[in-house]
Amino acid sequence: MTALEPLVERTSDFIRDSVIPVERDVIVHGRVVDDALRLDLQKKAKDAGVFGPLSDVRYGGLGLDTRAQARVLEAAGASLLGPLSVNGSAPDDGNIHLLAHAGTPEQKERYLAPLASGEIRSSIAMTEPAPGAGSDASLLRTRAERTGSGWVINGAKHFTTGADGAGFTICVAATADGPTMFLVDQDNPGLTVGRRMPTLDHSVPGGHCEVEFVDCEVTGDAVLGEVGLGMEYAQVRLAPSRLVFCMNWLGLAVRAHEMAARHINSRTAFGVPIAEHGMAQGLVADSEIDIAASRGLIRTAAEAIDTAGPSSSAARHHASIAKTFVSEAVWRILDRAVQLHGGLGVCEDHLVARFLVEARAFRIYEGPSEVLRWSIARRVLRAVR
Ligand SMILES: Cc1cc2nc3c(=O)[nH]c(=O)nc-3n(C[C@H](O)[C@H](O)[C@H](O)COP(=O)(O)OP(=O)(O)OC[C@H]3O[C@@H](n4cnc5c(N)ncnc54)[C@H](O)[C@@H]3O)c2cc1C
């Protein structure tokens, strides 16, 4: 047994004993996922020794490489609230990674340390309402102009996950020297968190918000890393962040698959347990194949990140492949689990129905499947040209 195995086991035990009972409160009884709930779950994760799979030990994390993270975060993903409980969910996961890579020592002290410990949450504001940036980041309309002492930012964003109640937002803005990332404190009077957008999912603290920057003044040291390198930093963040989503959602899909298998073993139709009907077995086998293929693709991409670096072309290519496949496989697995549960599967107060609804957006954020297929194909075609 490697040192990793006891950690994976501890994570599974923690999710089963401390998180799944609370998840039932959220899904079945409508308990709101707020910061009080987050902090309570994160304290329990710390006590259980499973907190911080994405952070360095110097920030109180577990200091794992990406391959080890894949094992731990799949175990944490078994509950909708598991990744949040261990501080391994979006958008903080990507922001932890980004700050560790590009932050100055002062920025690490001020933003990374409290983020990694769970003291605060964060958000990242890239996507804009039309005609601004979405899949096409080159449409960025939010602008930052230099002033005597710093910068002033103006622009509108939407779908900024976790903005309501965050400690800070990483704002991506165009400058005369190219796209740049700014660390903006949430209490900056020029930053307004507007409406929480009424999305299908309900399990993220702080929702997905409209955010406005109106004459938002920041000092020179608010620039994350260097001016003009915003898109390079976005690349550093992207592959690890895509993979973390794959790990987390795969964990939930595995659980739904097991729930469906248990259900059809115990439910009878036409004189035998449903599990004895060949077509039901076909659904189970297809999900098992999707799970095995997803694990393999996540492992390949994790290895590319660990060996070639997060923004290497190998990491980007394999993370794009993994994200495209896993987001679609998770959808198929959850949909089969719904189907095998019969009417209960679509009952909103039942867990698998909610899993399916919560997972839908995974095929859109961090790159819609069509955009990822396009970029995968372009890399292949470039290579043979
Ligand atoms: C739940 C959720 C959370 C999010 N959180 C954040 C966040 O925290 N921060 C943030 O900045 N953004 C966030 N987003 C935004 C997300 O990153 C964008 O939705 C995504 O990048 C797509 O951009 P868009 O919505 O503007 O779609 P568009 O760019 O308008 O694209 C719409 C559709 O057109 C198709 N399409 C686009 N380009 C191509 C192409 N080249 N070939 C074929 N088809 C194409 C795709 O099907 C795509 O889904 C979040 C989104 C959701 C749903």
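Everything numeric here is computed off the predicted structure, so don't read it as measured data.

**Comments concerning empty space enclosed by the protein**
At step 1: Applying the stated criterion to the full structure yields two cavities of 30 Å³ or more.
At step 2: Taken together, 13 residues line the largest cavity, and the ones lying closest to its centre are L84, A90, P91, D92 and R121.
At step 3: Residues that form the lining of the largest cavity fall into these classes: five nonpolar, five polar and three charged.
At step 4: Here the lining of the largest cavity spans two domains, since at least three of its residues come from each of domain 1 (4–116) and domain 2 (122–224).
At step 5: Size it by volume and the second largest cavity reaches roughly 30 Å³.
At step 6: Taken together, H257, A260, L283, V284, S287, I333, R336, A337 and L340 make up the full set of residues lining the second largest cavity.
At step 7: Broken down by secondary-structure element, the contributors of at least two residues to the lining of the second largest cavity are α7 (230–266), α8 (278–308) and α9 (313–340).

**Thoughts on the site of the ligand**
At step 1: Taken together, 17 residues are adjacent to the ligand, and T127, S135, F159, T161 and E370 come closest.
At step 2: Contact between the ligand and S135: an oxygen atom at 2.7 Å from a side-chain N or O atom of the residue.
At step 3: The separation between an oxygen atom of the ligand and a polar side-chain atom of E370 is 2.8 Å.
At step 4: Against a free-state accessible area of 980 Å², the protein chains account for coverage of 65% of the ligand.
At step 5: Those elements that place two or more of their residues in the shell around the ligand are β1 (122–125), β3 (150–161) and α11 (369–384).
At step 6: A domain-level breakdown of the shell around the ligand finds at least three residues from each of domain 2 (122–224) and domain 3 (230–383).

**Section: the pairing of strand β4 (residues 168–173)**
The side chains of a regular strand alternate between both faces of the sheet.
At step 1: The buried count for β4 comes to six of six residues, which makes it a mostly enclosed element.
At step 2: Across the two faces of β4 the burial is the same, with F168, I170 and V172 and T169, C171 and A173 all buried.
At step 3: For β1 and β4, the ladder comprises four bridges, and the chain directions are parallel. The residue of β4 that forms the bridge with A125 is C171.
At step 4: When β4 meets strand β5 (residues 180–185), the two strands line up antiparallel, connected through six bridges. Looking across to β5, one finds that F168 is bridged to D185.

**Topic: the sheet that holds strand β7 (residues 208–219)**
At step 1: If you walk across this open sheet you meet the four strands as β2-β3-β7-β6, and the pairing is antiparallel. Both outer strands of the open sheet, β2 (143–146) and β6 (191–196), are each paired with one neighbouring strand and no more. This sheet shows a mean twist of 10° between the axes of neighbouring strands, independent of strand direction.
At step 2: Direction of pairing for β3 relative to β7: antiparallel, over a ladder of nine bridges. Bridge pairing in β7 links I153 to C216.

What counts, and at which threshold
- Residues numbered from 1 in each chain as written.
- Predicted model: local features only at pLDDT ≥ 70, side-chain atom pairs only at ≥ 80, totals over all residues.
- Heavy atoms only, no water.
- 1 Å grid on protein atoms, 1.4 Å probe; cavity = no way out; pocket = protein on both sides within 12 Å on 5 of 7 lines; lining within 4 Å.
- Points joined across faces, edges and corners; volume = space filled by probe spheres on them.
- Nonpolar A, V, L, I, M, F, W, Y, C, P; charged D, E, K, R; others polar.
- Domains from an automatic or database assignment.
- Helix = DSSP H or I, 4+ residues; strand = E, 2+ residues; numbered from the N terminus.
- Near = heavy atom within 4 Å.
- Polar contact = N/O pair within 3.5 Å; in protein donor to acceptor, adjacent residues only side chain to side chain.
- Areas by Shrake-Rupley, 256 points an atom, 1.4 Å probe, with all protein chains shown as cover.
- Buried < 20%, exposed > 50% of the residue type's maximum accessible area, 1.4 Å probe, protein only.
- Pairing = 2+ DSSP bridges.
- Axes fitted to C-alpha atoms, helices over the stretch in contact; angles between N-to-C directions.

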